[in-house]
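Each chain, written out:
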Amino acid sequence: MTDLVVIQHLEREGPGRFGEEARRRGWAVTVCRPDLGEPMPRLGADQALLVLGGPMGVGDIGSPSFPWLAAEVALLRECLACERPVVGLCLGAQLLAFAAGGQVVPLTAGDPPVRAYEVGWGPVDWTRSEGQEPVLAGLGAGLPALHWHGDRIRLPAAATLLGSTPLCAEQMFRIGHHAHGLQFHAEVTDAALEVWLEEDGDYVRQALGPDGVEQIRAGRERWGEEGERLGRRLINNLLDRVGALLGGYPLL
C-alpha cells in the first residue's frame, strides 16, 4: 500500500485535503510530529513525503527551540538524492528549496523595499503550461489560493518555477521530476481555517490591519469554493505524480 508520510509541525496545521484525497485512493497517511519529540521517519520504497507549514522558518535551523529542523533538512536532502516523491507546503516548500541549495529571505515590497506579508486570498498564476507540466492539468491559467507567509524563497538552480503572484514570485516550483513545493495553502479546509484565524489572529491583523480576520472570511466567501475545487484538482494531480513514481509507471 502507498503510504503518504506527513511531517506536521504544530497541531493546527494538519494534512487537510491532502490527507482526505490520499485516503480516498486507499493510501495510508502516517503523521510524524517532530515538535512533540517524535524522530524523523525512515522511509521505505512505497512511501512519499509531505512536509507541512508552521510559524518557524529556515532562519530557526540550529535554534534550541526547534532542534528537529536540521534533521528535517537532512531528510529532504536524502529524498532529493534518491528521487523520492516529496511535496512541501509553505514552510515545507521553504525547507525543500533550502535543502536543494536555495535561500529563504524576508518578503519585501515597494521602493525602497519594506517588510511585507502575503496573507489572505489571492490568485496564483502559472508560469508554464499544462503541456509542459502535467501537475497543472485542468487548472487553467491559475487558481485562487490562501496565502499565509512573510518570507520569500530564492530558488536553487535546479528548480523550475511553476507559479507566481505579483507580491511573491516563487509560489510553486519543481525540483527534478519528483519534488514539488507550494508556498500557498491548497490543503486547508474551512474548519481548519477557522482554527487558524482563532489561534493566529494576531499575525493576520499584523499583516492586514484590525479587520484582517474579517477580510479572510470575506475572501473565503468569494473565492473559497473555486479555490477548493481547483486546489483538490492540483492535489490529485500531485498525488497522481506520486503514485506513478512509486509504482514505476511511465511519467507523462
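The structure reproduced in this document is the subject of the present report. Source: prediction; values computed, not measured. (Residues numbered from 1 in each chain as written. Predicted model: local features only at pLDDT ≥ 70, side-chain atom pairs only at ≥ 80, totals over all residues. Heavy atoms only, no water.)

### Observations regarding the pattern of salt bridges
The test is simple: In the sections that follow, a salt bridge refers to a side-chain nitrogen of Lys or Arg positioned within 4 Å of a carboxyl oxygen of Asp or Glu. A helix here means a DSSP run of H or I that spans at least four residues, while a strand means a run of E at least two residues long, and both kinds are numbered starting from the N terminus. Exposure categories follow from relative accessible area, calculated using a 1.4 Å probe and restricted to protein chains: below 20% of the type maximum is buried, above 50% is exposed, and the middle band is partly exposed.
Per the counting criterion, the structure on display carries 17 salt bridges. A salt bridge links Glu199 to Arg12, with the nearest nitrogen and oxygen atoms 3.4 Å apart. Of the two residues, Glu199 sits in helix α4 (residues 190-199) while Arg12 sits in the loop between β1 (3-7) and α1 (16-24), which places them 187 residues apart along the sequence. One salt bridge in this structure joins Arg17 and Glu228, with 3.5 Å as the shortest N-O distance. Separated by 211 residues along the polypeptide, Arg17 in helix α1 and Glu228 in helix α6 (residues 212-247) bring together distant segments of the chain. Look at Glu228 and you get partly exposed, because its relative accessible area is 26%. Salt bridges sharing partners connect three or more residues here, namely Arg17, Glu20, Glu21, Arg24, Glu228 and Arg232.

### Observations concerning the side chain of Glu13
Selection criterion: Asp and Glu are treated as the negative residues and Lys and Arg as the positive ones, with His and the ends of the chain left uncounted. Contact between two residues is taken to exist if any of their heavy atoms lie within 4.5 Å; hydrogens are not considered.
Position of Glu13 relative to the elements: it lies in the loop between β1 and α1. For the buried residue Glu13, which engages in no salt bridge, the nearest side chain bearing the opposite charge is Arg12, 4.5 Å off. The contact partners of Glu13, leaving out residues within four places of it in the chain, are Gln8, Leu52, Gly53, Gly54, His185 and Trp196.

### Side note on the nonpolar core
The line we're drawing: What is meant by a nonpolar core is a set of buried Ala, Val, Leu, Ile, Met, Phe, Trp, Tyr and Cys residues, joined one to another through side-chain atoms within 4.5 Å.
One finds Trp126, Met172, Phe184 and Leu234 to be the most contacted residues of the largest nonpolar core, which totals 29 residues. Among the secondary structure elements, those contributing two or more residues to this core are β1, α1, β3 (47-51), β4 (86-89), β8 (118-126), β9 (142-149) and α6. Take this core: its biggest share by element is 6 residues, from α6. Those residues in contact with Trp126 that sit more than four places away from it in its chain are Leu136, Leu139, Gly140, Ala141, Gly142, Leu143, Leu162, Gly163, Met172, Phe184 and Leu234. Leu49, Val58, Val86 and Leu91 belong to the second largest nonpolar core, which has 26 residues in total.

### Overview of the sheet that holds β1
We count it as follows: When DSSP finds two or more bridges between a pair of strands, those strands are recorded as paired. Lines are fitted to the C-alpha atoms to define the axes, a helix being fitted only along its stretch in contact, and any angle between axes, read from their N-to-C directions, falls within 0 to 180 degrees.
In space, the 9 strands of this open sheet follow the order β2-β1-β3-β4-β13-β12-β11-β8-β9, with mixed pairing throughout. Strands at the two margins of the open sheet, each flanked by one partner only, are β2 (28-32) and β9. Looking at each pair of strands side by side, their axes are set apart by 25° on average, direction ignored. The sheet contacts of α1 involve β1, β2, β3 and β4, and relative to β2 the element is tilted by about 145°. Strands β8 and β9 of the sheet are contacted by helix α5 (residues 201-208), whose axis makes an angle of about 70° with β8.

### Some details on the packing of α4 against α6
Selection rule: To sort the angles, those under 35 degrees are grouped as roughly parallel, those over 145 as roughly antiparallel, those from 65 to 115 as roughly perpendicular, and the leftovers as oblique.
Between α4 and α6, whose axes approach to 11 Å, the crossing angle comes to 170°. When the interaxial angle is binned, α4 and α6 end up roughly antiparallel. In contact with Asp190, Leu193, Glu194 and Leu197 of α4, α6 contributes Val213, Ile216, Arg217 and Arg220.

### Some remarks on α4
How we decide: Directions drawn from the helix axis to the C-beta atoms are what define this arc.
Those residues of α4 not exposed but buried are Leu193, Trp196 and Leu197. All buried residues of α4 fall inside an arc of 95° around its axis, so they share one side. Facing away from the buried side of α4 by over 90 degrees, the exposed positions are Ala191, Glu198 and Glu199. Each element contacted by the buried residues of α4 is listed here: β8, β9, α5 and α6.

### Brief notes about the pairing of β2
Put simply, the rule is: Viewed with both strands pointing away, a crossover whose connecting path from the first strand over the helix to the second turns clockwise is right-handed.
Strand direction decides the pairing type here: β1 and β2, joined by 5 bridges, are parallel. Counted as the bridge partner of Leu4 is Val29 from β2. The parallel pair β1 and β2, bridged by α1, forms a crossover whose chirality is right-handed.

As far as function goes, none of this settles anything; it's purely spatial.
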